Structure formats: structure tokens, C-alpha cells
Amino acid sequence: MNRSDRALHADGVIRRAAWAGLAALWALGPRALAGHAKAVVHPELWPSVPAALAPDPALERRLDRLMSCLTLRQKVGQLIQADISAIRPSDLRRYPLGTILNGGNSKPGDKLLAAPAAWLSLAERFYQASLHPDDARCAVPEMWGMDAVHGANDIYGATIYPQNIALGAANDPGLLRAIGRATAEEVRAVGLDWTFGPTIAVVSDDRWGRTYESYSQDPRRVARDGRSLVLGLQGAPGTAGFLDADHVIATPKHYLGDGGTRGVDQGNNPESETVLRERDAAGYPAVLGAGAQVIMASFSSWQGEKMLANQGLLTQVLKKRWHFDGFVIGDWNAQGEVPGCSDVSCPRALNAGLDVFMAPDGWKRLFENTLEQVRSGQIPRSRLEDAVRRVLRVKLRDHLFTEGPPASRPLAGHFALLGDAAHRALARRAVRESLVLLKNAHHLLPLSPHERVLVAGVGANNIPMQCGGWTLSWQGTGTTNADFPHGQSIWQGIEAAVRAAGGTAELSVTGAYTHKPDVAIVVYGEHPYAEFEGDVPNLEFSPANDAPLKLLRRLRAAHIPVVSVFLSGRPLWVNPELNASTAFVAAWLPGSEGEGVADVLFRAPNGAIRYDFHGTLPFAWPRTPLQFGLDSPGTPLFPVGYGLTDARNGALARLSERTGLPPMPSVDPNLYFTAGKPGPGWHWAVAEDAAAQPLARGIGHTPLGRLTLRPVDKARQEDARELSWSGAGAATAELTGPTPIDLTRQANGQMALAFDYRVDEAPTAAVTLAMGCGAGCTGALPITRVLRHAPRGQWRHLAIPLQCFAKAGAQLKHIITPFALSGTGRLAVSLANIRLDSQTARAPSCPD
């Protein structure tokens with residue numbers, strides 16, 4: 001089938017969910033499905049890696065003195081990290097935690113665009129509080145980590161560099177080192193001293209939503225670029241600049257094999273130990289040789305065993321064979337995925353070699369449980385002492401005990417470093433070097449800036465789209481151009497270049513024009529995502545939204561040369577778009593400096609080539625949607641290392657546009673919202689007084705602000721939605737779809753509409769739950785009493801028989817909206833796992 005046919009069957013969300021179960025089973029591999037023995041590691045077969053830093057007897061003697069001064073509570077506290085959304089500075093007096101973090105959506109004051117001064121103020125308060133623990137003879141300063149993974153990307157006004165996949169295309173280790181140094185300066189400006197990066201995964205399956213965090217599928221590029229960024233972030237080991245006040249601690253991640261999980265986030269890597277050692281681990285000797293002080297262990301498993309439980313890899317290989325004397329930190333509540341553990345109790349992980357739990361919200365209970373497990377001997381004192389020494393050793397190397405509070409450090413408060421002109425020029429250079437030219441028929445590029453240029457496409461004037469995930473928010477969503485005060489969209493860069501040369505540039509997202517242009521530049525591609533939202537079942541681009549393709553074809557039909565600028569976090573199957581384009585540029589996710597694209601697309605006003613194309617593919621480009629990566633059969637369309645220059649013939653023979661994929665089911669009649677995503681065929685929508693409007697990802701608010709939806713955590717990160725009514729009037733949140741479903745069979749089978757809910761603020765007025773069946777057709781039930789009587793802050797389960805909605809007026813043969821929650825007063829309720837359920841015994845009668 002071609003894409004136009006398939007668009008009638010499914011959209012991207014539908015097909016991701018429809019294939020999720022098969023993908024998860026496949027990712028486990030035959031060993032896991034069969035129930036295999038514990039994965040066995042042979043450390044003696046792994047290469048020995050010498051320590052990057054020479055022994056420092058004076059530092060170790062200081063460690064001895066410090067260890068003898070700490071109480072048991074202080075030692076346990078060094079092993080636990082809390083998120084700023086769930087801890088106050090004053091908590092550190094009673095609970096002397098060693099580190100804190102801000103997750104992707106956590107900001108000072110819970111403000112997405114928190115001012116730099118707010119970051120520095122909060123850093124100062126946490127630091128000062130850590131110096132005054134209760135009932136202690138000495139104090140240990142806390143350390144704050146953040147995900148500065150393509151610049152200081154959490155901080156309003158920071159320079160946003162291209163994502164790692166683009167930097168891998170640039171083939172410039174010096175560039176990476178300079179970016180690391182500049183990023184460190186911007187992080188230091190707000191008083192922080194630690195970043196969770198770089199990602200040094202060797203991604204073997206591009207369906208993974210974190211592919212853009214990898215430099216390449218080529219282990220050599222990963223090792224080279226990971227090492228360069230660590231040197232930039234930390235400074236070179238053995239020099240005076242190493243971890244000085246201009247640098248920050250790096251955290252290469254995710255150890256080990258996270259890129260080999262068959263495209264499933266937090267999945268299983270089934271490869272042999274040889275492949276794990278020679279491919280997946282290739283970047284680690286390089287970053288350890290560069291002096292990396294912290295390693296983040298992965299959520300994922302190897303041959304069925306969770307990495308946080310793998311003593312062979314954490315202790316025998318990393319710490320002993322590779323002589324790593326820093327500390328190992330877990331990922332966000334990753335301890336809860338270890339068999340026999342929970343988010344708040346996991347001695348198994350510590351005993352395997354984990355040193356610090358990342359426990360964003362359950363840190364207090366984890367502290368008490370870990371304390372008791374040490375006292376009981378479940379965690380040996382020797383393991384506790386080793387872990388604490390590792391944390392303190394890193395803090396001493398980082399001069400945390402001597403450089404003073406955050407506000408007094410040399411770069412602190414120098415907020416002009418955020419979006420500094422030199423940093424932006426560096427980011428612009430990175431954009432130029434990372435662009436990969438895949439097609440250039442008739443030597444169309446570089447363009448003359450004297451022409452009439454049409455700039456079109458949804459990505460043309462869209463800084464959030466060109467930045468991607470992990471930009472101001474975790475998924476990179478919920479922002480606009482206005483949230484990037486120093487940024488420049490691709491359109492703005494093109495406009496500046498063309499107007500400066502006397503040409504004409506026109507922006508039209510839809511491609512409409514009044515005067516026929518000499519050339520059109522269409523900017524389109526993937527919308528922002530991060531893990532796990534970014535996992536896809538295959539590599540077909542935009543299977544149900546062919547608007548970009550129609551735009552390209554319409555312009556070509558008008559005999560207008562077309563340049564495609566493709567924004568993506570991975571290679572994708574774009575054969576139809578390649579056929580419809582005169583020239584095609586893989587721009588990846590270039591970050592905030594869109595002018596770097598125009599630098600390469602256009603000649604200088606005098607006709608000279610200003611910057612030739614420099615980038616080469618860090619990943620093979622697929623010939624079919626089923627060519628997922630390293631282990632896929634067949635020859636790719638373009639291999640790793642491919643990239644045209646202006647001088648090379650860029651013609652491309654016409655490509656097949658047949659996907660070879662079967663149609664996917666258009667709707668799942670039983671699953672409406674799970675794991676943070678709508679079920680197949682459904683989407684969130686909100687309404688006030690007018691018709692319901694779609695709400696992307698179920699995040700945002702109604703036009704008048706009566707109702708706000710935001711992601712919250714239940715069993716995993718952002719797997720639920722909090723719905724908050726302001727009390728200013730009627731508003732509805734619903735899960736709806738374009739295709740009616742027939743639920744009469746399910747109703748006859750005594751199935752129920754079921755969901756998990758947590759009441760955070762009881763309703764002050766009536767609340768109804770409804771199923772909708774078209775205009776004027778609905779079955780609404782009152783659930784005010786249920787919500788008012790629910791205990792605050794506790795997750796509960798509610799199941800309402802489908803027959804109840806039928807009795808209330810819903811025509812079950814024609815359900816378009818299987819879930820609609822409406823209210824008029826104040827209410828805050830979180831929802832998860834909305835589906836049909838056969839367990840009607842939980843709600844044998846209809847609510848009244």
C-alpha cells in the first residue's frame with residue numbers, strides 16, 4: 001500500500017499503540033520469553049581500562065577523616081537523590097541527602113520559564129540547608145544535577161545546541177569539546193555543578209525514542225564524541241582546569257546496552273556478551289579515560305536482568321576491571337523496576353553496585369528503609385562505606401567543600417552567559433556542520449539570495465520543533481517561539497539572509513503565495529518527543545498525515561523547485577518526500593540557532609559559496625520502513641558516512657513509494673488511555689462553551705483557562721493526567737475519535753468503563769462522567785459523590801457498567817466519545833488507565 005492509502009487506516013499514535021504489545025514481546029528476545037538463567041558476565045574478557053586520575057593519598061586521607069565524622073544517617077543520605085518538586089531545602093536538616101535533581105519538568109517555583117535568578121536562589125538555599133544537619137558533628141554540601149543534554153536546555157534563555165545525533169553528523173571533536181565547555185559555563189551561571197550527560201548509547205534500532213540522544217550507530221563515532229563532550233564539560237584530567245569553577249561534572253549514560261533494546265524504551269537488550277562488550281560498551285573506556293566521575297545506570301535489562309541488579313557489569317566490570325572510582329547513579333525511580341524491589345526499597349541494587357538512588361518523590365521512605373536495611377545487615381556496612389566514599393570522592397574532586405556556596409562562585413549570577421553571543425555563534429556553527437545533503441538535483445543548492453523565496457511548512461517558524469525533546473520541558477512540548485528569547489527560527493534565518501542580499505522572502509506555512517516564487521523551501525518533520533513517547537513501530541514518516549507530502553507535490557506541480565529541510569531525531573523512510581523534492585537536507589534537530597541552516601542553503605550576495613555541506617550520516621538511512629538499523633537485512637538507501645557536497649552530482653533515481661506494511665487497525669474499542677498515551681484511534685479534547693478542540697498529548701488548557709490538563713506520575717513517569725477545574729465555569733475533558741465504535745457486545749458481556757483516579761481537591765459542584773454518541777446523543781452519570789468521598793491524595797479504582805450509560809441515554813452501537821468528564825466548580829483529579837474492564841464487581845450499581 002502507498003502512504004495515501006494507509007492514511008485512511010491509521011495515524012502515528014494509532015500504529016504506535018497497536019504494535020506496542022508485539023514490540024514489547026519482541027524486545028524481550030527468545031531468552032526472556034523462555035525464562036532463562038541469570039545473565040552471566042565474564043569480566044576477564046573485558047579490556048582493562050586504567051584509571052584516568054593518578055592516586056591522591058592526600059585526598060584519600062581527607063576522605064578517611066570525613067567518613068569518621070559522619071553519622072549513619074548522613075552516610076545513608078549520601079546515597080539518595082530527591083527531585084526539587086518533592087523536597088524543600090529545610091528537609092535537608094532532618095534528611096541529609098547528598099544530592100538533588102530537577103527532572104525534565106521540574107523547575108524552581110514550578111514555573112516552566114523560571115528566571116535564572118530563581119535557579120541560583122534555590123541552589124543557594126539547598127546548599128545552605130545541607131550545611132546544618134540535625135545531630136551531626138560535620139556537614140557535607142549537597143550537589144544538584146540536571147539534564148543539560150544539548151546546552152543548559154532546562155533554563156530559560158539558554159543556548160540550545162543541536163541534539164547529539166546532529167553533532168554526530170558534524171564529525172568535529174573540537175566542536176563537541178567547545179560545546180561542552182560553553183554548556184558548563186551556562187549551567188554554572190545559575191549555581192549548578194552537575195549534568196546528566198552525555199548519552200553514549202550505540203543505537204542499533206532507530207525506532208527507539210531516544211535515538212536522537214545518540215551520536216551514531218557507529219561505536220567509533222560514539223566513543224570519539226562522548227569523550228570530547230566530557231572533556232569540554234569537566235576539563236582535562238590531570239590539569240588545573242579539571243572540575244574547576246568553570247566546569248561541571250559529567251554523567252555518561254545509560255550503562256549499559258540501552259541502545260540495543262530493539263526500539264523499546266527501558267526494554268531488554270538480548271545481545272551476546274561479545275556484542276555488549278564490543279559494540280554497546282564502546283564509548284565507556286573513552287569517557288572514563290577522559291575522567292568521567294559519575295556513570296548513570298540504565299533502566300534497561302541485558303538478557304533479561306535489570307541493569308541495576310547486574311553486579312557483574314556494575315561492580316566486576318565498571319568498578320574493578322575498568323578502575324572506575326567515581327559513583328554510579330540510577331535513573332528516575334529505576335530501582336522500582338528491579339525484581340523484588342519498589343521505588344522506596346531496593347537493597348538488591350545497592351548490593352549489586354549502585355551507589356546513588358534517583359528517588360524523585362519517594363526519597364523519604366527510601367531513606368528510612370535503606371537506613372533500616374543497613375542496620376539489619378541486609379546491606380553490608382562495607383557496601384555502604386564504599387558507596388559513600390565514592391560520592392564524597394567526587395565531591396572533593398569537584399571542590400565542593402572549598403569553593404563556597406553557589407552564589408559566591410566565579411560564574412554565578414553572570415546570567416549574560418545564557419544565550420551569550422559567542423555561545424550562539426558556536427551553536428550556529430554546529431548547525432552548519434551537522435546538515436547532511438541527501439539529494440541535490442540539477443545542483444539546485446546553494447541558492448541565490450537574490451531570488452524570490454517561499455518558505456513553507458509547519459517547521460519553518462517553529463523553534464520548539466527544531467529543538468526537539470528535552471527542551472524547557474521533558475518532551476519538548478508546551479512551548480512557543482516566545483519562550484526562546486535568544487533563539488531564531490529557520491524562517492527568521494532565511495529571511496535575514498535573503499533580505500540582506502536584496503531578495504524577497506515570504507513565509508506561508510501552507511505554501512500559499514500571491515506571486516510565484518523562484519524556489520520554495522519546505523521545513524517539516526517530527527514533532528518534539530522524548531522517551532517513551534518517541535518509540536515507534538517502524539520508520540515510516542508521518543503515516544497518517546500526508547500534508548507535507550501534498551505540499552511538496554503541489555509546489556512541484558507548479559514547476560517550482562523545492563528544497564526539503566527535514567527535522568527529525570532519527571533517519572526515517574521518506575521515499576515519497578525524496579521523490580517530490582528537488583533537493584533534500586537532513587537537518588536533524590538543530591536547536592535554537594536557525595540561521596545556521598540559511599548559512600549553508602544560500603550563497604553569499606556575490607555568488608560565492610559561504611559554507612559547503614559538511615555533515616555525513618551518523619546512522620544509515622532506511623530503504624524501507626522496516627529497516628530499523630544495525631541488525632536489519634538489506635542495503636540501506638544511504639549508508640553511514642554518506643553526505644553530498646555542493647560539487648557532487650546530487651541526482652537521485654526515483655524511489656519506490658510502497659511501504660510494504662499492512663494496514664493497522666484504526667481504533668481499539670477497549671483501550672482509551674494508558675501509559676501516558678491515548679489508546680489506538682483516540683485523542684484528548686477539551687471544551688468550554690463551544691465544540692471540543694483537540695489537545696495535543698493531553699497537555700494544556702481550555703481557551704478561557706477553566707480546565708487545565710498536565711502530566712503526573714502514577715506507576716511511571718507521566719503515565720497519568722491531572723485535570724484541574726478553576727471553578728470559573730463549565731468545562732469538559734474527553735477522549736474521543738473520528739470513528740464510532742459499537743460497544744453493545746461489551747455491554748452484554750457486563751463490561752465496565754474503568755479507570756484509576758486520585759482526588760487532590762474535592763469537587764465544589766456537580767461532576768458528570770459521560771459517553772457520547774454524536775450530536776445530541778449522550779449518556780451522562782453523576783459521580784460527584786464518588787469524588788467527594790474519596791480519600792485525598794490516594795489512588796482509587798472506579799468501574800461503571802456500560803449498561804449504566806445506556807440507561808442514561810447513550811447509544812452503545814455508535815460511541816464516538818467513550819470518556820467525557822465535565823464539571824463547573826473547582827476540582828482536581830488525576831486519571832490513569834482508562835479502559836473497558838470486565839471487573840464490574842467493583843461497581844455493581846450505577847452511581848447516583
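Each remark here, short or long, concerns the structure printed above.
Quantities reported herein were computed from a predicted structural model and do not represent experimental measurements. (Residues numbered from 1 in each chain as written. Predicted model: local features only at pLDDT ≥ 70, side-chain atom pairs only at ≥ 80, totals over all residues. Heavy atoms only, no water.)

Can you lay out the sheet that holds strand β5 (residues 268-269) for me, pointing to particular residues and giving the numbers?
Here three strands make up an open sheet; going across it, the order is β5-β7-β8 and the pairing mixed. Strands at the two margins of the open sheet, each flanked by one partner only, are β5 and β8 (305-306). Here β5 runs beside strand β7 (residues 301-302); their pairing, made up of two bridges, is parallel. Bridge pairing in β7 places Asn269 opposite Trp302. (Pairing = 2+ DSSP bridges. Helix = DSSP H or I, 4+ residues; strand = E, 2+ residues; numbered from the N terminus.)

Just give me the short version of helix α10 (residues 273-280), but keep the residues and values in it.
Of all the positions in α10, only Glu273, Leu276, Arg277, Arg279 and Asp280 are classed as buried. Structurally, α10 contributes buried residues whose contacts are with α9 (219-234), β5, α11 (283-289), β7 and α12 (311-321). (Buried < 20%, exposed > 50% of the residue type's maximum accessible area, 1.4 Å probe, protein only. Contact = heavy atoms within 4.5 Å.)

An account of helix α14 (residues 363-376) is requested, with residue identities and associated values reported.
The end-to-end C-alpha distance of α14 is 20 Å, a good match for the 20 Å that 14 residues give at a rise of 1.5 Å each. Of the positions making up α14, those classed as buried are Trp363, Leu366, Phe367, Thr370, Leu371, Gln373 and Val374. Mapping the buried residues of α14 onto a view down its axis gives an arc of 165 degrees, with all of them on the same face. Facing away from the buried side of α14, by more than 90 degrees, are the exposed residues Arg365 and Arg375. Where α14 is buried, its residues meet α4 (72-77), β1 (80-83), α5 (91-94), α13 (347-352), β10 (357-358) and α15 (381-397). Two residues or fewer after α14 comes Gly377, characterised by a positive phi angle close to 90 degrees. (Expected span 1.5 Å × (residues − 1). Arc of directions from axis to C-beta.)

Residues and numbers for the nonpolar core, please.
Counting residues in each nonpolar core, the largest one holds 122 residues, and the members touching the most others are Tyr255, Leu313 and Trp322. Take this core: its biggest share by element is seven residues, from α15. When residues no more than four places from it in sequence are discounted, the contact partners of Tyr255 are Tyr284, Ile295, Met296, Ala297, Ser298, Met307, Leu313, Leu314, Val317, Leu318 and Trp322. In this structure, Trp208, Val522, Leu589 and Tyr642 belong to the second largest nonpolar core, which totals 77 residues. (Core = buried A, V, L, I, M, F, W, Y, C linked by side-chain atoms within 4.5 Å.)

Which residues make up unusual backbone geometry, and what values do they have?
With an omega dihedral of 10 degrees, the bond running from Gly197 to Pro198 counts as a cis peptide bond. You can see Pro198 is positioned in the loop between α8 (173-189) and α9. Look at the link from Leu445 to Pro446: it is a cis peptide, with omega at 0 degrees. You can see Pro446 is positioned in the loop between β11 (436-440) and β12 (452-456).

Can you tell me about the pairing of strand β3 (residues 143-146), naming the residues and giving the values?
Judged by which residues are buried, β3 turns out to be covered on both faces: Met143 and Gly145 on one side and Trp144 and Met146 on the other are all buried. Here strand β2 (residues 99-102) pairs with β3 via four bridges, running parallel. Residue Leu101 lies in a different strand from β3, and its bridge partner there is Gly145. Assessed by its sense of winding, the connection that carries the chain from β2 through helix α6 (residues 116-130) to β3 is right-handed. (Right-handed = clockwise from strand over helix to strand, strands pointing away.)

Before we move on, can you summarise the pattern of salt bridges with the specific residues and values?
Per the stated rule, a full pass over the model turns up 50 salt bridges. As a salt-bridge pair, Asp280 and Arg279 come within 3.9 Å of each other at their nearest N and O atoms. Here Asp280 matches Arg279 in class, with each residue buried. In this structure, Glu305 and Arg348 form a salt bridge, with 3.7 Å as the shortest nitrogen-oxygen distance. Of the two residues, Glu305 is situated in strand β8 and Arg348 in helix α13; the sequence distance between them amounts to 43 residues. A relative accessible area of 36% places Arg348 in the partly exposed class. (Salt bridge = Lys/Arg side-chain N within 4 Å of Asp/Glu carboxyl O.)

Can you break down the side chain of Ser581 residue by residue, with the values?
Its location among the elements puts Ser581 in the loop between α20 (575-580) and β16 (583-588). A distance of 2.6 Å separates a polar side-chain atom of Ser581 from the backbone oxygen of Glu577. Among all residues touching Ser581, those that are not within four sequence positions of it are Lys439, Tyr524, Leu552, Arg556, Val562 and Ser564. (Polar contact = N/O pair within 3.5 Å; in protein donor to acceptor, adjacent residues only side chain to side chain.)

Purely spatial values, then, with no claim about function.
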